[in-house]
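# Secondary and tertiary structure notes
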Amino acid sequence: MSDATPASASAHTAAIETRSLEEILYPALEPHQIEHLDVGEGQRLYLEQSGNPQGTPVVFVHGGPGGGTSPWQRRFFDPAVYRIILFDQRGCGQSTPHAADGADLGVIDTARLVADMERIREHLGVERWLVFGGSWGSTLSLAYTEAHPEHVIGLVLRGIFLLRRWELDWYYNRGGAQNLFPDLFDAYESVLREHAPEELAGDHIATFHRLLNGPNEEVALQAALAWSDWESQTSHLLVPGEPARTTLQLAEHRRFALAFARIENHFFANGGFMRENQLIDEADRLAGIPGVIVQGRYDVVCPPRSAWELHRAWPQSQLTFVPNAGHGSNEAGIAAGLIEATDGFRALR
């Protein structure tokens, strides 16, 4: 266990970011290599590379679990310097089989995802890489690095999520977030009032687990939309309005929601397949690895307390609080902090 003391920790507060997201990100680029990597158990992972094939390898670890990657996420990295590696974790994005199609969730857990990352590293012939992840991506990045520290040159993390019980209760049960977003939490709970009113005072994660995996597909879809909409609508400092969607976009949203909610809830119903407080208890394995933590000051999804506690347990980390941001990596201040971090790591190999 790390023996860092509170006196060893300090945080920096970023300046208010006035640029737009488009001004902050690197220009859009296309991948030069795409493949579907067989990692066993019937799983094939979407895997792409862009940027400089001879550059510093960086692996982007997406959130959720179950979120998948998007093309704009390549833009956190200088393409002249970085060999940019994106992949979709089991059951989501462009990986197959897909959780919206009834994929077996029994072969999706944290240990397997860590092993998948190591399989990707070996497949690509990477000796050491920069690991970049936010939200659940920070969880998996930490789990991977604590298991394989010899292969990590640095960490860039955002929206720290350590998957402890109080974090789950804060956000998904009646533990705190509902007090900030009572209207949105009411909409989230509406599916429970309709289909499981007798369980409304209990563990929402467990009740959603039953609805998401039950025999009634329409109820499962309602539960998935309620779960994913609660998260998407509370992930920014300024709550976005309901987007207008075409019929095709609505179908894609429903498919995404089913995979996202089923996989995410599967992990949370099982405690992340980790011991309580495991990532902090094993933070001594991060010794000697430099890291940057970028945390929205008003992150309701992943409260800043977790970023602070990780920073205290990891002396080589730098913590920056973004004063005008919530959880989303597409908020300008968060994006600027992340790119400042990746630019700072450009010389590492």
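Here's what I pulled together on the structure shown here. (Residues numbered from 1 in each chain as written. Predicted model: local features only at pLDDT ≥ 70, side-chain atom pairs only at ≥ 80, totals over all residues. Heavy atoms only, no water.)

### Some thoughts on the packing of helix 8 (residues 217-233) against helix 9 (residues 247-269)
- Packing of helix 8 against helix 9 leaves a shortest axis separation of 8 Å and a crossing angle of 80 degrees. As judged from the angle between their axes, helix 8 and helix 9 are roughly perpendicular. On the side of helix 8, the interface is formed by Ala220, Leu221, Ala224, Leu225, Trp227, Ser228, Asp229 and Glu231, while helix 9 contributes His253, Arg254, Ala257, Leu258, Phe260, Ala261, Arg262, Glu264, Asn265 and Phe268.
- Tallied by class, residues from the contact of helix 8 with helix 9 come to ten nonpolar, three polar and five charged. (Axes fitted to C-alpha atoms, helices over the stretch in contact; angles between N-to-C directions. Helix = DSSP H or I, 4+ residues; strand = E, 2+ residues; numbered from the N terminus. Parallel < 35°, antiparallel > 145°, perpendicular 65-115°, else oblique. Contact = heavy atoms within 4.5 Å. Nonpolar A, V, L, I, M, F, W, Y, C, P; charged D, E, K, R; others polar.)

### A word on the packing of aromatic side chains
- Applying the stated criterion across every chain yields a total of 23 aromatic pairs.
- Its guanidinium or amino end placed over the ring of Phe321, Arg297 lies 4.0 Å from that ring's centre, counting from NZ or CZ.
- In this structure, Arg305 is placed above the aromatic ring of Trp166, and the distance from its NZ or CZ to the ring centre is 4.1 Å. (Phe/Tyr/Trp six-rings, centres within 6.5 Å; stacked < 30°, edge-to-face > 60°. Lys NZ or Arg CZ within 6 Å of the ring centre and 35° of its normal.)

### A closer look at the packing of helix 2 (residues 110-123) against helix 3 (residues 136-147)
- Where helix 2 meets helix 3, the axes come as close as 10 Å, and the angle between the chain directions of the two elements is 70 degrees. When the interaxial angle is binned, helix 2 and helix 3 end up roughly perpendicular. Of helix 3, the residues touching helix 2 (which contributes Thr110, Leu113, Val114, Met117, Glu118 and Arg121) are Trp136, Leu140, Ala143, Tyr144 and Ala147.
- Its residues assigned to classes, the contact of helix 2 with helix 3 shows eight nonpolar, one polar and two charged.

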